[in-house]
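Below, each chain spelled out in residue letters.
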Amino acid sequence: MSGTEIDKPYRGAFDGRTHRFALRVYFEDTDAAGIVYYANYLRFMERARSDMLRAIGVDQRATLDAGEGVYVVAEANIKYRAPARLDDEIVVVSSLDKVGAATATIHQRVMRGQELLADATIVAAFMSPDGRPKRQPKAWLELFKPLAAKEGKE
């Protein structure tokens, strides 16, 4: 590998309509017992969602810089099934459940092999710079269509 290849950040990938983002559990992710601290699952999922959006062509930074708006998590429903531990190799599996005019509902599972560790539904809302809900850019809605299980009404 050339220096330019190994210097690039890790990227997840799509497997059909599902995005997969692999991570390793580091010491900083765990509590004193070596178990992943519960809030860190949300951090893992955030990284995976951002990577999924980037992979389909959604440029959140450009939209934010242009003053158009930004996604915020409006709702997070998570169920913890089993603990991840120090040095585990885990994968965040993300799929777009529903897309509305101003929201995207994403189902995310944290897996260790075939074992489900955490199962979550995240609702991301597109907000204007002044903090009000706003329709997502039309170009983004077109990018979401092939991935969404269903289109929603808002």
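An account of the accompanying structure is given in this report. Just so you know, these numbers come straight off a predicted model, no measurement behind them.

1. Some points on the nonpolar core
Ranked by internal contacts, the top residues of the largest apolar core, which has 17 residues, are Y41, M45, A84, I90, V92, V110 and L117. If you list the elements that add at least two residues to this core, you get β2 (18-24), α2 (38-56), β4 (89-99) and β6 (115-127). Once you skip the residues sitting within four places of it in the chain, A84 turns out to touch V25, G34, I35, V36, Y41, I90, R112 and L117. Among the nonpolar cores identified, the runner-up in size contains 15 residues, and L53, V58, A124 and F144 belong to it.

2. A short note on the packing of aromatic side chains
Each aromatic ring pair is specified by the distance between its two centres and by the angle formed by the two planes. Applying the stated rule across the entire model yields seven aromatic pairs. Ring centres of Y10 and F21 lie 5.2 Å apart, and the angle between their planes is 65°; on these two criteria the pair is classed as edge-to-face. With a gap of eleven residues between them, Y10 in the loop between α1 (3-6) and β1 (13-15) and F21 in strand β2 connect regions that are remote in the sequence. Pairing Y37 with Y38 gives two aromatic rings, centres 4.8 Å apart and planes at 55°, and the pair type is tilted. Grouped by ring-pair contacts, the aromatic residues Y41, F44 and Y80 constitute a single cluster.

3. Examining the pattern of salt bridges
Where charged atoms of side chains with opposite charge meet at close range, the side chains can pair. With the rule as written, the count across this model stands at nine salt bridges. For R24, the salt bridge is made with D87, and the minimal N-O distance between the two is 3.3 Å. Taken together, the positions of R24 in strand β2 and D87 in the loop between β3 (70-80) and β4 put the pair 63 residues apart, joining distant regions of the chain. Note on R24: relative accessible area 31%, which makes it partly exposed. Between D130 and R132 there is a salt bridge whose closest N-O contact spans 3.6 Å. An identical accessibility class is assigned to D130 and R132; each is exposed. The network of salt bridges with shared partners includes R24, D87 and E89.

Cut-offs applied
- Residues numbered from 1 in each chain as written.
- Predicted model: local features only at pLDDT ≥ 70, side-chain atom pairs only at ≥ 80, totals over all residues.
- Heavy atoms only, no water.
- Core = buried A, V, L, I, M, F, W, Y, C linked by side-chain atoms within 4.5 Å.
- Buried < 20%, exposed > 50% of the residue type's maximum accessible area, 1.4 Å probe, protein only.
- Helix = DSSP H or I, 4+ residues; strand = E, 2+ residues; numbered from the N terminus.
- Contact = heavy atoms within 4.5 Å.
- Phe/Tyr/Trp six-rings, centres within 6.5 Å; stacked < 30°, edge-to-face > 60°.
- Salt bridge = Lys/Arg side-chain N within 4 Å of Asp/Glu carboxyl O.

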